[in-house]
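Fold and contact review
Listed here are the chains, written in short residue letters.
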Amino acid sequence: YKGIVIHISIIPFNMSNKRAVSLKWLDLEKRAESNFFLSWEWIGNWLGIIKGNVILIEAIDNNKVVGLGFFVEKSRKIFKLFPIKQWHLHRTGEIHEDQIWIEYNDFLLDSNISDSVRKEMVNAICSFEPSLHEVIIGLSTSHVINKFTEICENKSIRFRTLLETLAYRAETQETDLKNILSKNTRSQLKRSEKLLEQLGSLDFYVLTKTEDVEFSLESISNIHIERWHRTEEGSGFTNPCFNKFHSLMASESKKNIAQVSVLSLNSKPIGYLLNYIYKEKVYFYLSALTTFDENKIKVGLTLHTKAIQHYIDKGCLLYTSDA
């Protein structure tokens, strides 16, 4: 990679070119320190549900693709009068389409020269079109956001951080999760399991077959809607785009990427976790949990603990979620 000369192209994307781009993406994915949200499973299905003006940015070094990303163009008005052109990275700027919540957002980059390629891609965007004023990243790590911000100092385009949230992760080198839980957490967990077992037979299992994951989505949806429909954010399961996307993720996954952890009481599920598995890492996506009048029953804590231990036993390296 000495003496690299990176060439950037920024072109309109047509769905008729999806297969050709997918081959480039999958090849680069092998050379990238990518996360699940930048996998073709996620990006390819996202392209299948969105509308709008999609733009492909591609970086090439020595006839090899070293950077890829998709933007969707949108505009907003300042003071309801002056239009501002925006590009959204792997998002659309439309609430109903962005409710699938991409996380750890970034370009897909060759890991050997990622910082150099990102810099060239950002510089190309900044000089591409005078009428472009904002590029929206959304949820990403502080490291990646800082990289974008550093590159864009003294540039005419502003890169905006749309949302920030905490993220939790469990490194899985320890083979027994209870050895790394705090005394207070172990106490809550023990009490919760005891109370649940007093109510009947408690069981935990993980659904991995495509048809089982697909079938479970209806039950997950019902519990999730009941829990969240009165809140400001609402439940994604009332959104047709959200439902279509996750149905695609479940039905088209050939590698058991979509998995559902289930906690049942007397053979009736009382909690679900929808997880996505990618490169030996577990990405917790959402939960659907039954509530009990007894607040010492912690369905979520009990289920997450059993799920993390399950994936430790399977040899996974990381269990991560946003807050």
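Our structure's up above, just so we're on the same page.
Report on the accompanying structure.

About the thresholds
- Residue numbering note: each chain is counted from 1, following its sequence as written.
- Reporting in this predicted model follows two pLDDT cut-offs: at least 70 for local features of residues, and 80 or more for side-chain atom pairs to be given and counted; totals over whole chains, interfaces and linings ignore these cut-offs and use all residues.
- Only hydrogens and water are removed before side-chain values are computed, so all heavy atoms of the structure are retained for them.
- Ring pairs shown here join Phe, Tyr and Trp side chains whose ring centres sit within 6.5 Å, with only the six-membered ring taken for Trp; geometry is labelled stacked below 30 degrees between planes, edge-to-face above 60, and tilted in between.
- Strands here mean DSSP runs of E at least two residues long; helices mean DSSP runs of H or I at least four residues long; both are numbered from the N terminus.
- Using a 1.4 Å probe on the protein chains alone, a residue whose accessible area is under 20% of its type maximum counts as buried, one over 50% counts as exposed, and one in between counts as partly exposed.
- Here, a charge over a ring means that NZ of Lys or CZ of Arg falls within 6 Å of the ring centre while also lying within 35 degrees of the ring normal.
- Two strands qualify as a pair provided DSSP detects at least 2 bridges between them.
- By definition here, a helix of n residues has an expected span of 1.5 Å times n minus one.
- Bend angle per residue: angle between axes fitted to the 7 residues ending at that residue and the 7 residues starting there.
- It only takes one pair of heavy atoms within 4.5 Å for two residues to be counted as in contact.
- Throughout, an axis means a line fitted to C-alpha atoms (over the contacting stretch in the case of helices), and angles, computed between N-to-C directions, take values from 0 to 180 degrees.
- Put simply, angles under 35 degrees are roughly parallel, angles over 145 are roughly antiparallel, angles from 65 to 115 are roughly perpendicular, and the rest are oblique.
- With the far helix as reference, a near helix turned anticlockwise by less than a right angle produces a left-handed crossing, and one turned clockwise produces a right-handed crossing.
- Residues are grouped as follows: nonpolar covers Ala, Val, Leu, Ile, Met, Phe, Trp, Tyr, Cys and Pro; charged covers Asp, Glu, Lys and Arg; every other residue, Gly included, is treated as polar.
- Here, a salt bridge means any Lys or Arg side-chain nitrogen found within 4 Å of an Asp or Glu carboxyl oxygen.
- Here, the term nonpolar core denotes a set of buried Ala, Val, Leu, Ile, Met, Phe, Trp, Tyr and Cys residues that are joined through side-chain atoms within 4.5 Å.

For the coordinates displayed, the defined rule picks out 22 aromatic pairs. Ring geometry for Phe37 and Trp42: centres 4.8 Å apart, planes at 70 degrees, overall edge-to-face. Taking 6.5 Å as the distance between ring centres and 35 degrees as the angle between the ring planes, the aromatic pair formed by Phe242 and Tyr285 counts as tilted. Of the two residues, Phe242 is situated in helix H8 (residues 240–252) and Tyr285 in strand S12 (residues 281–289); the sequence distance between them amounts to 43 residues. Phe242 gets classed as buried once you look at its relative accessible area, which sits at 4%. One aromatic cluster is present, built from ring pairs that chain together Phe36, Phe37, Trp42, Tyr104, Phe237, Phe242, Phe245, Tyr276, Tyr278, Tyr283 and Tyr285. The residue whose ring lies beneath Arg118 is Phe148, and the NZ or CZ to ring-centre distance is 6.0 Å. In this structure, Arg227 is placed above the aromatic ring of Trp228, and the distance from its NZ or CZ to the ring centre is 4.1 Å.

With that settled, consider the pairing of strand S11 (residues 268–278). Sheet faces and side chains relate simply in a regular strand, where the side chains alternate between the two faces. Counting buried residues along S11, nine of its eleven residues qualify, which places the element largely inside the surrounding structure. In this sheet, S11 lies alongside strand S10 (residues 258–265) in antiparallel orientation, the contact comprising eight bridges. Residue Ala258 lies in a different strand from S11, and its bridge partner there is Tyr276. Adjacent in sequence and paired antiparallel, S10 and S11 are bridged by two residues, among which Asn266 carries a positive phi angle near 55 degrees. As defined by bridge partners, S11 adjoins S12 across eight bridges and the pair is classed as antiparallel. Of the residues in S12, the one forming a bridge with Tyr276 is Tyr283.

In this section: the environment of Pro83. By the secondary structure assignment, Pro83 is in strand S4 (residues 82–89). Classification of Pro83 by relative accessible area gives exposed; the value is 58%. Once the C-alpha coordinates of Pro83 and His133 are considered, the two residues, 50 residues apart in sequence, prove to be 9.9 Å apart.

Compared with the 27 Å implied by 1.5 Å per residue over 19 residues, the 26 Å span of helix H7 (residues 210–228) between its first and last C-alpha is a close match. Leu217 marks the point of greatest bend in H7, at about 25 degrees. Where the residues of H7 are buried, they touch strand S9 (202–207), H8, S10, S11 and S12.

For Tyr104, which is not glycine, the phi torsion reads 50 degrees and is therefore positive. Mapped onto the elements of the fold, Tyr104 is located in the loop between helix H3 (95–98) and strand S5 (108–109). Exposure remark for Tyr104: the relative accessible area of 15% places this residue in the buried category. For Asn266, which is not glycine, the phi torsion reads 55 degrees and is therefore positive. Within the element layout of this structure, Asn266 appears in the loop between S10 and S11.

Between two packed helices, the angle of one axis relative to the other and the distance separating the axes together describe the packing. Where H7 contacts H8, the two axes come as close as 8 Å, and the packing angle between them is 160 degrees. Judged on the interaxial angle alone, H8 and H7 are roughly antiparallel. By crossing handedness, the relation of H7 to H8 is classed as left-handed. Together, Thr210, Val213, Glu214 and Leu217 of H7 and His246, Ser247, Ala250 and Ser251 of H8 make up the contact between the two elements. In terms of residue class, the contact of H7 with H8 is made up of three nonpolar, four polar and one charged.

Quick look at the pattern of salt bridges now. Here the structure, examined in full by the defined rule, presents ten salt bridges. One salt bridge connects Asp98 with Arg91, and the closest N-O pair in it is separated by 3.5 Å. The buried category is assigned to Asp98, whose relative accessible area is 7%. Asp115 is the partner of Lys147 in a salt bridge, and the nearest nitrogen-oxygen pair spans 3.3 Å. Of this pair, Lys147 sits in helix H5 (residues 142–151) while Asp115 sits in helix H4 (residues 114–126), and the two are 32 residues apart along the sequence. Owing to a relative accessible area of 22%, Lys147 belongs among the partly exposed residues under this scheme. Overall, Asp115 belongs to the partly exposed group, its relative accessible area being 39%. Among the charged side chains, a network of salt bridges with common partners joins Asp106, Asp115, Arg118 and Lys147.

Another aspect to go through is the nonpolar core. With 49 residues, the main nonpolar core has Trp42 and Phe70 as its most contacted residues. The element contributing the most residues to this core is H8, with six residues. Ignoring anything within four residues of it in the chain, the contact list for Trp42 reads Phe36, Phe37, Ile100, Trp101, Ile102, Phe245, Met249 and Tyr285. Phe71, Val117, Cys126 and Ile145 belong to the second largest nonpolar core, which has 25 residues in total.

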